[in-house]
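# Per-entry structural report
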Amino acid sequence: MEKLVSLCKRRGFLFQSSDIYGGLNGFWDYGPLGVELKRNIKEAWWRDMVTGHDELAAPAGAPTAYQMVGLDCTIIMHPQIWKCSGHYDLFHDFMVDCRESKKRYRHDQVRGRWLTAKGQRIFAATESGGADGKGEQEYIEAKALKFFNLRAKDAGQLAWEGELLSLTQVPDFAQVLAPDAKELGTLTPPREFNLMFKTYVGALSGEEGAAFLRPETAQGIFANFKNVVDSSRVAIPFGIAQMGKSFRNEITPRNFTFRSREFEQMEIEFFCHPRQSPEWYQYWRDRRYRWYLELGLAGDRLRLRDHHSEELSHYSCGTADIEYAFPFLAPGDFGELEGIAHRGDFDLRSHMEGKLVRQGNELVVELDAEGKPRHRGSGKDLSYFDDETRERYVPHVIEPSAGADRAALAFLCEAYQEDEVPDEHGKPRARTFLRLHPRLAPVKAAVFPLVKKDGMPEAAQKIYRALKPHFNVFYDEKGAVGRRYARQDEVGTPFCITVDGQTLTDGTVTIRDRDTLRQWRVKADDCVDEIRKGLAASG
Ligand code: GAP
């Protein structure tokens, strides 16, 4: 992971935001290559889910044919949206502060173990995943030894009890040795912390002007459901897709871009008849899982996991996560890439009637002490009239919700490879390369003159100009050709085209494949077709 992070910075994929001022935790900038990678991911998603979708035939596994349309909503919306969606009341994490180290942790992300030494029982804790390059057990053992003033060779004096526990399973913090503390009992009791960023609209700085940066793109889709139905000729079943920025004031942003405070989502709200919703849920789980496989994530590092009932969000009656074994996680652990949720009619009904809460098996409007709706809905009728069946109902929603930044990170982790290639003298040379899917590769081909003389640069520039209208290509004439290949391998360019002495006599060039290192000659005039063929074949 450290090698990948360093490559990302060195080659211009990702930079810490506000780097020149020391950085801002939880915010990341995409550099010249990173922006291309992320755009390619978003374009692949939009093309595969929206514009390329064939609405005339049912795709494999789908109960019927369906329509897909897109939307692009604002980041700041009416504050009532967040009240009815539940985010205003429920979108929070619990945090604990350490009085000694002044550090703040997410309550559920501190883990530790009970142990006794020198007659004293303590709970030694770490942030989940460990710290300082040490795994969880290694970190807490080192902490415990230090606390009891013992050396590594005295580790046998630590009598461990049970397995690693979450801090949420420890009712009293008096004996807790916090992750960065030297004393016991330095953690404050857990406090609620709403993750929405608050801002003020217009000149009103009081609560009347208060608004929030959206924590998900989904709500803009629900708020526009009626507009889309009334203005486009969509009929259920259909989906509305949106991608764009979301903001969450995460307590502990971490793991490179995995948990950031500003990130991009790619979300679909799929509206269907309640009777058909279980089949559609199944379809979207499988469809979205396949999408990552098709773009190159390996099946043994990607999994679909159904949520336990206690994990389900307040609105959900079924959720599965697509998860990836990110290399910064402990062996065997997976991190969420995308959630696919069956949201029932929760969102549309909340925006219609007022904020809903679950009462037994029923969803009912939440009332205040005086029996009035606590957060009023829009009052608009968001039900749907089915012309064919002459039925009126509130559609059920299946939501595949992906993160563009997490997808970019997973594709980068998967692509990172090291091997050995022969150098110009036939000696093995270590190489680092990104085996990115050609659809995702920031640069599709690089064009080199073998040397900077004899008309080779002019011939190479002609090829570059012929390719440029079709693909993102790169021209490089600086340094030894081996170094130029290495630079392109490192950023995942699938093909390198080299103009050499032979080009000047027979008009052919060499094309080199990043993954197989195969080299073959083609006519310079055929480069556009050859690269197009190569990209399609390796896709
Ligand atoms: N509308 C449902 C929703 O937003 P979520 O599981 O909270 O569900 C969906 O978020 C996806 O958004 C996640 O699977 C992840 O890819 C991405 N995501 C969420 N929080 C993120 C964060 N702090 N940083 C980067 N990506 C995040």
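## With respect to the packing of helix α2 (residues 32-51) against helix α10 (residues 404-415)
As a packed pair, α2 and α10 sit with axes 10 Å apart at the nearest point and diverge in direction by 110 degrees. Put simply, α2 runs roughly perpendicular to α10. Regarding α2 and α10, the two cross each other, and that crossing is right-handed. Contacts between α2 and α10 pair Leu 37, Lys 38, Ile 41 and Lys 42 from the former with Ala 404, Asp 405, Ala 407, Ala 408, Phe 411 and Leu 412 from the latter.

## Overview of the sheet that holds strand β5 (residues 104-106)
Pairing is antiparallel across the open sheet formed by three strands, whose spatial order is β5-β4-β10. Strands at the two margins of the open sheet, each flanked by one partner only, are β5 and β10 (191-194). Averaged over all pairs of adjacent strands, the angle between their axes in this sheet comes to 45 degrees, without regard to strand direction. Note that strand β4 (residues 92-97) and β10 share four bridges and pair antiparallel. Residue His 92 lies in a different strand from β10, and its bridge partner there is Asn 194.

## Observations regarding the layout of surface pockets
Of the pockets and cavities examined, the second largest pocket occupies roughly 510 Å³. For the lining of the second largest pocket, the elements supplying multiple residues, two or more each, are α7 (225-231), β20 (384-386) and β21 (391-393). With four residues, the single largest contributor to the lining of the second largest pocket is α7. A breakdown of the residues in the lining of the second largest pocket according to their chemical character gives ten nonpolar, five polar and nine charged.

## Some points on the sheet that holds strand β13 (residues 238-247)
Here seven strands make up an open sheet; going across it, the order is β3-β13-β14-β22-β17-β16-β15 and the pairing mixed. In the strand order of this sheet, the two ends are held by β3 (67-70) and β15 (302-306), each with one partner. Going across the sheet, the axis of each strand differs from the next one's by a mean of 20 degrees, ignoring polarity. Across six bridges, the pairing between strand β17 (residues 335-344) and strand β22 (residues 396-403) is antiparallel. From the neighbouring strand, Ile 340 faces β22, where its bridge partner is Pro 400. On the sheet, helix α8 (residues 277-294) packs against β3, β14 (262-272), β15, β16 (319-324), β17 and β22 and is oriented at approximately 165 degrees with respect to β17.

## Some words on the site of the ligand
Near the ligand you find 21 residues, and of these Glu 216, Arg 248, Ser 260, Glu 267 and Glu 336 are the closest. The side chain of Glu 216 places a nitrogen or oxygen atom 2.6 Å from a nitrogen atom of the ligand. At a separation of 2.8 Å, an oxygen atom of the ligand approaches a polar side-chain atom of Arg 248. With the chains in place, 90% of the 550 Å² that the ligand exposes on its own is no longer accessible. Sorting elements by how many residues they give to the shell around the ligand places β17 first, with five residues. A per-class count over the shell around the ligand returns five nonpolar, six polar and ten charged.

## Section: the domain arrangement of the protein
Per the domain assignment, the segments making up the protein are domain 1 (2-91 + 196-348 + 385-410), domain 2 (94-193) and domain 3 (443-538). Taking only C-alpha atoms, the centre of domain 1 and the centre of domain 2 are 35 Å apart. With seven residues of domain 1 at the contact, the number on the domain 2 side is nine residues. In total, domain 1 and domain 2 occlude about 700 Å² of area from one another, counting both sides; carbon and sulfur atoms represent 46% of this. Area buried by domain 1 at its contact with domain 2 is led by Ile 251, Thr 252 and Arg 254, which between them contribute 70% of it. Inspection of the region where domain 1 meets domain 2 yields one salt bridge.

Rules and cut-offs
- Residues numbered from 1 in each chain as written.
- Predicted model: local features only at pLDDT ≥ 70, side-chain atom pairs only at ≥ 80, totals over all residues.
- Heavy atoms only, no water.
- Axes fitted to C-alpha atoms, helices over the stretch in contact; angles between N-to-C directions.
- Helix = DSSP H or I, 4+ residues; strand = E, 2+ residues; numbered from the N terminus.
- Parallel < 35°, antiparallel > 145°, perpendicular 65-115°, else oblique.
- Left-handed = near helix turned anticlockwise from the far one by under 90°.
- Contact = heavy atoms within 4.5 Å.
- Pairing = 2+ DSSP bridges.
- 1 Å grid on protein atoms, 1.4 Å probe; cavity = no way out; pocket = protein on both sides within 12 Å on 5 of 7 lines; lining within 4 Å.
- Points joined across faces, edges and corners; volume = space filled by probe spheres on them.
- Nonpolar A, V, L, I, M, F, W, Y, C, P; charged D, E, K, R; others polar.
- Near = heavy atom within 4 Å.
- Polar contact = N/O pair within 3.5 Å; in protein donor to acceptor, adjacent residues only side chain to side chain.
- Areas by Shrake-Rupley, 256 points an atom, 1.4 Å probe, with all protein chains shown as cover.
- Domains from an automatic or database assignment.
- Buried area = accessible area lost by both parts, 1.4 Å probe.
- Salt bridge = Lys/Arg side-chain N within 4 Å of Asp/Glu carboxyl O.

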